[in-house]
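Descriptive structure summary
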Amino acid sequence: MLKLFFWLLLLANATLFAMQKGYLGAFYSDGREPARIGKQLQADKIKLVASDGAPAAAAAPAAAAAASAPSAADLAPVACTEIGNFNASEARRFSSQLAERTPTLKFVRREIQEVASHMVYLPSLGSKEAADKKADEVRRLGISDFFVIQDSSALRYGISLGIFKTEEAAQKQVASLAKRGLSGAKVGTRSVSSSKVAFQLRDMGGDARLAFDKIKLDFPGQDVRGCP
């Protein structure tokens, strides 16, 4: 009997020792064994996902860009905006685009006098026949804003290719003409008053203002200002 008690006590101590050391982990768990760590969620691999399935980090910049883009509702109406010193052909093209893209926008066309002192020209060709022949060549290059000079000055039978307020603007025109294939253009000083067209647009806001900004891109040389 004493021997049996001794062996039972020894077995109990051995079992307790094995449990404390984790040797019986496959059969018993008290929540403190090292294997429990391996069953936890791997937090470093968790990713936030946007509702459309894209990672949230990637979706955020797109959402921020969309939020920063102006919308028609963000653009308050402007009481009056004036654009232009248009020549006749540019004025027709501009008013046609306005009527097509912003049919409800109110605008007023007005004639203005522009005083300029720098002329881009081709020197005198010596005769009307030679000037007319050169004019045909200019047209074939797609240049339409010009005229044959027929006054009694030294430039008679030359060709005017534009009048500009500043020498810088005139030199830009010379460079532009050269790119289109017309060489020999010069810049001279000559004060000229010419009739131009301006447009005043009233109560322009929302969709009309967005449309105007797009139309304006086709007329980069035109000034935009407040109404006088």
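Look a little higher up for the structure.
The shown structure was predicted, so the numbers you read here are calculated from the model rather than taken from an experiment.

Procedures and definitions
Residues numbered from 1 in each chain as written. Predicted model: local features only at pLDDT ≥ 70, side-chain atom pairs only at ≥ 80, totals over all residues. Heavy atoms only, no water. Phe/Tyr/Trp six-rings, centres within 6.5 Å; stacked < 30°, edge-to-face > 60°. Helix = DSSP H or I, 4+ residues; strand = E, 2+ residues; numbered from the N terminus. Buried < 20%, exposed > 50% of the residue type's maximum accessible area, 1.4 Å probe, protein only. Disulfide = S-S within 2.5 Å. Polar contact = N/O pair within 3.5 Å; in protein donor to acceptor, adjacent residues only side chain to side chain. Contact = heavy atoms within 4.5 Å. Core = buried A, V, L, I, M, F, W, Y, C linked by side-chain atoms within 4.5 Å. Axes fitted to C-alpha atoms, helices over the stretch in contact; angles between N-to-C directions. Parallel < 35°, antiparallel > 145°, perpendicular 65-115°, else oblique. Left-handed = near helix turned anticlockwise from the far one by under 90°.

1. Observations regarding the packing of aromatic side chains
The full count for this structure, using the stated rule, is 6 aromatic pairs. Both rings, one in F86 and one in F199, keep their centres 5.6 Å apart while their planes meet at 70 degrees; by these two values the pair is edge-to-face. Separated by 113 residues along the polypeptide, F86 in strand β1 (residues 78-86) and F199 in strand β5 (residues 186-204) bring together distant segments of the chain. The class of F86 is buried, set by a relative accessible area of 0%.

2. Remarks on the state of the cysteines
Taken as a whole and judged by the stated rule, the model has 1 disulfide. Covalently, C80 is tied to C227 through a disulfide, its sulfur atoms 1.8 Å apart. Looking along the S-S bond of the C80-C227 disulfide, the torsion reads about -75 degrees, which is the left-handed sense. Highlighted residues: C80 in strand β1 and C227 in the segment after β6 (224-226), separated in sequence by 147 residues. Assessed through its relative accessible area of 15%, C80 is described here as buried.

3. Details of unusual backbone geometry
With a phi close to 70 degrees, Y157 is a non-glycine residue in the positive phi region. Tracing the backbone shows Y157 in the loop between β3 (147-148) and β4 (159-164). What makes Y157 buried here is its relative accessible area of 18%. Residues other than glycine seldom take positive phi values, yet D203 does so here, at roughly 55 degrees. By the element assignment, D203 lies in strand β5. Residue class for D203 comes out exposed when judged on its relative accessible area of 52%.

4. A word on the side chain of N87
Tracing the backbone shows N87 in the loop between β1 and α4 (88-101). Among the polar contacts made by the side chain of N87, one reaches the main-chain amide nitrogen of E90 at a distance of 2.8 Å. Within the local environment of N87, its side chain forms a polar contact with the side chain of D145, the two groups lying 3.3 Å apart. Ignoring sequence-local partners within four residues, the contact set of N87 consists of D145 and K196.

5. Section: the nonpolar core
Counting residues in each nonpolar core, the largest one holds 17 residues, and the members touching the most others are V120, V138, I159 and L161. Of all the elements in the fold, those that place two or more residues in this core are β2 (106-122), α5 (128-140), β4 and α6 (167-179). With 14 residues, the next largest nonpolar core counts A91, L105, L201 and F212 among its residues.

6. Thoughts on the side chain of H118
The residue H118 is located in strand β2 in this model. A distance of 3.5 Å separates a polar side-chain atom of H118 from the backbone oxygen of K165. Residue contacts for H118: discarding those within four places in its chain leaves G162, I163, F164, K165, T166, E167, A170, V187, G188 and R190.

7. Some points on the packing of α4 against helix α7 (residues 206-216)
Interaxial distance between α4 and α7 falls to 10 Å at its minimum, and their mutual angle equals 150 degrees. With respect to α7, the axis of α4 lies roughly antiparallel. When you trace α4 past α7, the crossing you get is right-handed. Between α4 and α7, the contacting residues are F94, Q97, L98 and R101 on the first element and A211, F212, K214 and I215 on the second.

That's the geometry; what it means functionally is another story.
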